[in-house]
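# Topology and contacts: notes
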Amino acid sequence: MKSVITVKLDEELNRILSERAAREGRSKSFYVREGLIQYLEDLEDIEAAEAGYKDWEADNFKTHKWEDVRFRLGLDD
């Protein structure tokens, strides 16, 4: 099921979006949807990176040798 939402854009952004859509033969909705998907994926990546950093910080920034990591993960096969 698809939902319709309203997005308010300033004139300049609407002009840029309209020109891009016309040039590429796509709808403005396509670019808004694709941009939102990318933005939300980026937020997920940022949250995962921040969580990983906090875990590393809690472990006093301990590092491991690459060879040890490969061995523990069974990647040396």
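Calculation criteria
Residues numbered from 1 in each chain as written. Predicted model: local features only at pLDDT ≥ 70, side-chain atom pairs only at ≥ 80, totals over all residues. Heavy atoms only, no water. Helix = DSSP H or I, 4+ residues; strand = E, 2+ residues; numbered from the N terminus. Rg over C-alpha atoms; globule rule 2.2 N^0.38 Å. Buried < 20%, exposed > 50% of the residue type's maximum accessible area, 1.4 Å probe, protein only. Areas by Shrake-Rupley, 256 points an atom, 1.4 Å probe, with all protein chains shown as cover. Lys, Arg positive; Asp, Glu negative; His and termini not counted. Charge placed at Lys NZ, Arg CZ, Asp CG, Glu CD. Axes fitted to C-alpha atoms, helices over the stretch in contact; angles between N-to-C directions. Parallel < 35°, antiparallel > 145°, perpendicular 65-115°, else oblique. Contact = heavy atoms within 4.5 Å. Nonpolar A, V, L, I, M, F, W, Y, C, P; charged D, E, K, R; others polar.

So, about the overall build of the protein. From N to C terminus, the protein includes 3 helices and 0 strands. Along the protein, from the amino end to the carboxyl end, the secondary structure elements read α-α-α. Over its C-alpha atoms the protein spans a radius of gyration of 22 Å, topping by over 25% the 11 Å that the globule rule assigns to 77 residues. Dimensions of the protein along its principal axes, counting C-alpha atoms only, are 55 × 30 × 30 Å. Counting all 77 residues of the protein, 4% fall into the buried class. When the accessible surface of the protein is totalled, it reaches about 7400 Å², and 55% of it is carbon and sulfur. Across the protein, the centroid of the 13 positively charged side chains sits 6 Å from that of the 19 negatively charged ones.

Another aspect to go through is the packing of helix H1 (residues 11–24) against helix H2 (residues 28–58). Following both chains from N to C, one finds H1 and H2 inclined at 110°, their axes separated by 8 Å at the closest point. Comparing their axes, H2 and H1 come out roughly perpendicular. From H1, Asn-14, Leu-17, Ser-18, Arg-20, Ala-21 and Glu-24 reach across to H2, where they touch Lys-28, Tyr-31 and Val-32. Of the residues that constitute the contact of H1 with H2, the class distribution is 4 nonpolar, 2 polar and 3 charged.

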